[in-house]
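These are the residues of each chain, in order.
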Amino acid sequence: MKLEADNITIEIRHHKIINELSLSFERGELVGLIGPNGAGKTTLLKAIIGAEKYSQGQLTLDGVPLKNLSPVERAKTLAYLPQESRIEWQLQARAVVMLGRFPYRRTFGPPSIDCERAVDNALDAVNATSFSSRSLNSLSGGERALILLARTLAVGAPLVLVDEPIAELDPYHQIHVMDILKAKANEGIGVLAVLHDLTMAAHFMDRLILINNGSVVAEGVPKEVLTKANLEEVYRISPRQEYPANTSIALPWKTKNVDT
(Lines give C-alpha, C1' and ligand atoms only; values in the text may rest on other atoms or scores of the structure.)
Protein backbone atom coordinates (compact mmCIF):
# COMPACT_ATOMS: atom_id res chain seq x y z
CA MET A 1 0.00 0.00 0.00
CA LYS A 2 1.43 3.34 -1.09
CA LEU A 3 0.31 6.87 -0.31
CA GLU A 4 1.28 9.61 -2.74
CA ALA A 5 0.95 13.38 -2.62
CA ASP A 6 1.18 14.81 -6.11
CA ASN A 7 1.72 18.55 -6.60
CA ILE A 8 -0.21 19.49 -3.44
CA THR A 9 -0.80 23.18 -2.69
CA ILE A 10 -2.45 24.41 0.51
CA GLU A 11 -3.38 28.03 1.12
CA ILE A 12 -4.48 29.40 4.47
CA ARG A 13 -5.77 32.97 4.50
CA HIS A 14 -4.26 33.54 1.03
CA HIS A 15 -0.82 32.37 2.20
CA LYS A 16 0.73 29.26 0.62
CA ILE A 17 1.69 26.86 3.40
CA ILE A 18 2.34 23.95 1.02
CA ASN A 19 3.54 24.82 -2.48
CA GLU A 20 3.28 22.18 -5.23
CA LEU A 21 4.70 19.49 -2.96
CA SER A 22 5.03 15.84 -3.97
CA LEU A 23 6.08 12.89 -1.80
CA SER A 24 5.23 9.27 -1.13
CA PHE A 25 5.61 6.57 1.50
CA GLU A 26 4.49 2.98 1.69
CA ARG A 27 4.18 -0.04 3.92
CA GLY A 28 7.39 -1.32 5.40
CA GLU A 29 9.31 1.94 5.56
CA LEU A 30 9.99 4.54 8.23
CA VAL A 31 10.16 7.98 6.62
CA GLY A 32 11.10 11.18 8.40
CA LEU A 33 9.51 14.48 7.40
CA ILE A 34 11.89 17.20 8.58
CA GLY A 35 12.23 20.95 8.23
CA PRO A 36 12.23 24.12 10.34
CA ASN A 37 9.24 25.53 12.21
CA GLY A 38 6.62 26.77 9.78
CA ALA A 39 7.82 24.61 6.89
CA GLY A 40 4.36 23.03 6.49
CA LYS A 41 4.93 19.59 8.00
CA THR A 42 1.90 19.48 10.30
CA THR A 43 -0.34 21.11 7.69
CA LEU A 44 0.61 18.38 5.21
CA LEU A 45 -0.23 15.60 7.68
CA LYS A 46 -3.61 17.21 8.36
CA ALA A 47 -4.32 17.33 4.64
CA ILE A 48 -3.54 13.63 4.33
CA ILE A 49 -6.01 12.69 7.08
CA GLY A 50 -8.66 15.00 5.64
CA ALA A 51 -8.49 17.74 8.27
CA GLU A 52 -7.08 20.38 5.92
CA LYS A 53 -8.21 21.29 2.41
CA TYR A 54 -5.85 21.61 -0.53
CA SER A 55 -6.44 23.81 -3.54
CA GLN A 56 -4.28 21.94 -6.05
CA GLY A 57 -2.92 18.46 -6.64
CA GLN A 58 -4.06 15.05 -5.51
CA LEU A 59 -3.61 12.63 -2.63
CA THR A 60 -3.90 8.97 -3.63
CA LEU A 61 -3.74 5.58 -2.00
CA ASP A 62 -2.55 2.92 -4.43
CA GLY A 63 -3.67 5.25 -7.20
CA VAL A 64 -7.16 5.83 -5.75
CA PRO A 65 -7.95 9.42 -4.66
CA LEU A 66 -8.15 9.65 -0.88
CA LYS A 67 -11.21 11.88 -1.20
CA ASN A 68 -13.08 8.85 -2.56
CA LEU A 69 -12.72 7.08 0.78
CA SER A 70 -15.41 7.48 3.41
CA PRO A 71 -14.32 8.99 6.75
CA VAL A 72 -14.46 5.54 8.35
CA GLU A 73 -12.40 3.95 5.57
CA ARG A 74 -9.81 6.71 5.85
CA ALA A 75 -9.69 6.34 9.65
CA LYS A 76 -9.07 2.61 9.32
CA THR A 77 -6.33 3.11 6.73
CA LEU A 78 -4.47 6.14 8.16
CA ALA A 79 -3.77 6.31 11.89
CA TYR A 80 -2.70 9.73 13.16
CA LEU A 81 -0.83 10.82 16.27
CA PRO A 82 -1.17 14.61 16.49
CA GLN A 83 1.41 16.97 17.89
CA GLU A 84 -0.97 18.14 20.61
CA SER A 85 -1.14 15.55 23.40
CA ARG A 86 -3.75 17.24 25.58
CA ILE A 87 -6.76 15.11 26.56
CA GLU A 88 -9.52 16.82 28.52
CA TRP A 89 -11.17 13.70 29.92
CA GLN A 90 -9.47 12.00 32.83
CA LEU A 91 -9.85 8.47 31.58
CA GLN A 92 -8.13 5.26 32.51
CA ALA A 93 -5.10 4.81 30.25
CA ARG A 94 -6.56 1.67 28.69
CA ALA A 95 -9.78 3.54 27.86
CA VAL A 96 -7.69 6.16 26.03
CA VAL A 97 -6.07 3.43 23.93
CA MET A 98 -9.53 2.01 23.20
CA LEU A 99 -10.41 5.35 21.55
CA GLY A 100 -8.21 4.20 18.68
CA ARG A 101 -10.79 1.52 17.92
CA PHE A 102 -13.55 4.07 17.32
CA PRO A 103 -13.82 3.30 13.56
CA TYR A 104 -14.70 -0.29 14.46
CA ARG A 105 -17.06 0.34 17.39
CA ARG A 106 -20.81 -0.01 17.25
CA THR A 107 -22.74 2.93 18.67
CA PHE A 108 -23.14 2.44 22.43
CA GLY A 109 -22.06 -1.17 22.08
CA PRO A 110 -19.35 -2.82 24.20
CA PRO A 111 -15.90 -3.38 22.67
CA SER A 112 -15.66 -6.50 20.56
CA ILE A 113 -13.16 -9.26 21.24
CA ASP A 114 -11.15 -7.98 18.27
CA CYS A 115 -11.06 -4.47 19.76
CA GLU A 116 -9.94 -5.78 23.15
CA ARG A 117 -7.23 -7.84 21.47
CA ALA A 118 -6.04 -4.87 19.41
CA VAL A 119 -5.76 -2.73 22.56
CA ASP A 120 -3.86 -5.50 24.37
CA ASN A 121 -1.44 -5.79 21.44
CA ALA A 122 -0.92 -2.03 21.23
CA LEU A 123 -0.21 -1.74 24.96
CA ASP A 124 2.19 -4.65 24.75
CA ALA A 125 3.95 -3.12 21.72
CA VAL A 126 4.81 0.04 23.68
CA ASN A 127 5.46 -1.77 26.99
CA ALA A 128 2.63 0.08 28.71
CA THR A 129 0.50 -2.79 30.01
CA SER A 130 1.80 -2.38 33.57
CA PHE A 131 0.31 1.10 33.96
CA SER A 132 -2.70 0.81 31.63
CA SER A 133 -5.14 0.65 34.57
CA ARG A 134 -4.03 4.01 35.95
CA SER A 135 -5.73 7.31 35.19
CA LEU A 136 -4.12 9.37 32.47
CA ASN A 137 -3.48 12.34 34.76
CA SER A 138 -1.41 10.14 37.09
CA LEU A 139 1.11 9.24 34.39
CA SER A 140 4.45 10.86 33.67
CA GLY A 141 5.03 12.66 30.39
CA GLY A 142 6.84 9.65 28.95
CA GLU A 143 4.10 7.26 30.04
CA ARG A 144 1.42 9.50 28.53
CA ALA A 145 3.35 9.59 25.25
CA LEU A 146 3.41 5.79 25.16
CA ILE A 147 -0.33 5.58 25.83
CA LEU A 148 -1.09 8.04 23.04
CA LEU A 149 1.18 6.09 20.69
CA ALA A 150 -0.61 2.89 21.72
CA ARG A 151 -3.94 4.55 20.89
CA THR A 152 -2.60 5.25 17.39
CA LEU A 153 -1.30 1.70 16.93
CA ALA A 154 -4.56 0.21 18.22
CA VAL A 155 -6.26 1.40 15.04
CA GLY A 156 -4.43 -1.37 13.21
CA ALA A 157 -3.96 0.86 10.16
CA PRO A 158 -1.45 -0.09 7.47
CA LEU A 159 -0.16 3.51 7.35
CA VAL A 160 0.67 5.65 10.38
CA LEU A 161 1.33 9.39 10.61
CA VAL A 162 3.01 10.72 13.75
CA ASP A 163 3.69 14.39 14.44
CA GLU A 164 6.70 15.02 16.70
CA PRO A 165 6.24 11.80 18.71
CA ILE A 166 9.39 12.36 20.80
CA ALA A 167 9.01 16.05 21.58
CA GLU A 168 9.59 16.86 25.27
CA LEU A 169 10.61 13.28 26.10
CA ASP A 170 13.78 12.32 27.96
CA PRO A 171 16.51 10.48 26.02
CA TYR A 172 15.38 7.02 27.13
CA HIS A 173 11.79 7.56 26.02
CA GLN A 174 12.91 9.20 22.77
CA ILE A 175 14.91 6.13 21.82
CA HIS A 176 12.17 3.81 23.08
CA VAL A 177 9.52 5.47 20.91
CA MET A 178 11.79 5.45 17.85
CA ASP A 179 12.54 1.75 18.43
CA ILE A 180 8.78 1.09 18.47
CA LEU A 181 8.22 2.95 15.21
CA LYS A 182 11.14 1.13 13.60
CA ALA A 183 9.76 -2.22 14.75
CA LYS A 184 6.35 -1.41 13.30
CA ALA A 185 7.91 -0.52 9.97
CA ASN A 186 9.79 -3.82 10.03
CA GLU A 187 6.44 -5.56 10.58
CA GLY A 188 5.13 -4.03 7.37
CA ILE A 189 3.46 -0.82 8.53
CA GLY A 190 4.28 2.41 6.72
CA VAL A 191 5.27 5.22 9.11
CA LEU A 192 5.64 8.91 8.23
CA ALA A 193 7.06 10.81 11.20
CA VAL A 194 7.57 14.55 11.66
CA LEU A 195 10.78 15.10 13.61
CA HIS A 196 12.91 18.02 14.78
CA ASP A 197 15.67 15.89 16.31
CA LEU A 198 18.13 15.48 13.44
CA THR A 199 20.25 12.94 15.30
CA MET A 200 17.26 10.65 15.79
CA ALA A 201 16.23 11.23 12.20
CA ALA A 202 19.68 10.27 10.95
CA HIS A 203 19.89 7.20 13.17
CA PHE A 204 16.45 5.63 12.69
CA MET A 205 14.93 6.70 9.40
CA ASP A 206 15.05 4.68 6.19
CA ARG A 207 14.49 7.86 4.23
CA LEU A 208 14.20 11.58 4.94
CA ILE A 209 12.15 14.26 3.19
CA LEU A 210 13.42 17.77 3.94
CA ILE A 211 10.93 20.56 3.30
CA ASN A 212 11.13 24.32 3.61
CA ASN A 213 8.58 27.00 2.77
CA GLY A 214 6.14 24.26 1.80
CA SER A 215 8.35 22.61 -0.82
CA VAL A 216 10.67 19.59 -0.88
CA VAL A 217 14.33 20.62 -0.72
CA ALA A 218 15.92 17.17 -0.57
CA GLU A 219 14.90 13.53 -0.31
CA GLY A 220 16.83 10.29 0.18
CA VAL A 221 18.73 8.31 2.78
CA PRO A 222 19.82 10.41 5.78
CA LYS A 223 23.42 10.79 4.64
CA GLU A 224 22.25 12.29 1.35
CA VAL A 225 19.79 14.72 2.94
CA LEU A 226 21.59 15.89 6.08
CA THR A 227 24.43 17.55 4.24
CA LYS A 228 26.23 20.63 5.48
CA ALA A 229 24.87 22.64 2.55
CA ASN A 230 21.25 21.59 3.17
CA LEU A 231 21.42 22.26 6.90
CA GLU A 232 23.00 25.66 6.44
CA GLU A 233 20.45 26.65 3.80
CA VAL A 234 17.30 25.34 5.47
CA TYR A 235 18.02 25.39 9.20
CA ARG A 236 20.63 28.18 9.21
CA ILE A 237 22.99 26.06 11.29
CA SER A 238 26.45 24.61 10.81
CA PRO A 239 26.42 20.94 11.87
CA ARG A 240 29.05 18.65 13.28
CA GLN A 241 28.78 15.43 11.32
CA GLU A 242 30.01 11.90 11.96
CA TYR A 243 29.70 8.85 9.74
CA PRO A 244 29.97 5.72 11.92
CA ALA A 245 29.36 2.29 10.40
CA ASN A 246 28.17 3.56 7.03
CA THR A 247 25.49 5.77 8.55
CA SER A 248 25.39 9.41 9.59
CA ILE A 249 24.86 11.55 12.66
CA ALA A 250 24.09 15.24 12.30
CA LEU A 251 24.49 17.35 15.43
CA PRO A 252 23.34 20.98 15.35
CA TRP A 253 26.54 22.68 16.51
CA LYS A 254 26.19 26.41 15.98
CA THR A 255 24.11 28.93 14.10
CA LYS A 256 25.32 29.64 10.61
CA ASN A 257 28.22 32.08 10.36
CA VAL A 258 28.40 32.52 14.14
CA ASP A 259 31.57 31.38 15.90
CA THR A 260 31.39 30.22 19.51
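Here the structure is a predicted model, which means the values were calculated and not measured.

Scoring rules and cut-offs
- Residues numbered from 1 in each chain as written.
- Predicted model: local features only at pLDDT ≥ 70, side-chain atom pairs only at ≥ 80, totals over all residues.
- Heavy atoms only, no water.
- Helix = DSSP H or I, 4+ residues; strand = E, 2+ residues; numbered from the N terminus.
- Expected span 1.5 Å × (residues − 1).
- Buried < 20%, exposed > 50% of the residue type's maximum accessible area, 1.4 Å probe, protein only.
- Contact = heavy atoms within 4.5 Å.
- Polar contact = N/O pair within 3.5 Å; in protein donor to acceptor, adjacent residues only side chain to side chain.
- Salt bridge = Lys/Arg side-chain N within 4 Å of Asp/Glu carboxyl O.

**Some words on helix H6 (residues 171-186)**
In step 1: Taking 1.5 Å per residue, 16 residues should reach 22 Å; H6 reaches 22 Å between its end C-alpha atoms and fits that length.
In step 2: Turning to H6, its buried residues are His173, Gln174, His176, Val177, Met178, Ile180, Leu181, Lys184 and Ala185.
In step 3: Where H6 is buried, its residues contact strand S3 (30-34), helix H4 (113-125), helix H5 (141-154), strand S7 (159-163), strand S8 (190-194) and helix H7 (198-204).
In step 4: The N-cap residue of H6 is Asp170: its side-chain oxygen and the backbone nitrogen of Tyr172 are 3.1 Å apart.
In step 5: In the segment just after H6, Gly188 is the residue with positive phi, at about 110°.

**Description of the pattern of salt bridges**
In step 1: Taken as a whole, this structure holds nine salt bridges when the rule is applied.
In step 2: Note that Glu187 and Lys184 form a salt bridge whose closest N and O atoms lie 3.3 Å from each other.
In step 3: Classification of Lys184 by relative accessible area gives buried; the value is 15%.
In step 4: The partner of Arg207 in a salt bridge is Glu219, and the shortest N-O contact between them spans 2.5 Å. You can see Arg207 sitting in strand S9 (residues 207-212) and its partner Glu219 sitting in strand S10 (residues 215-220), a full 12 residues away along the chain.

**Digging into the environment of Ala183**
In step 1: The topology assignment puts Ala183 in helix H6.
In step 2: For the pair Ala183 and Gly109, spaced 74 residues apart in sequence, the C-alpha to C-alpha distance is 33 Å.

Just distances and angles here, no functional claims.
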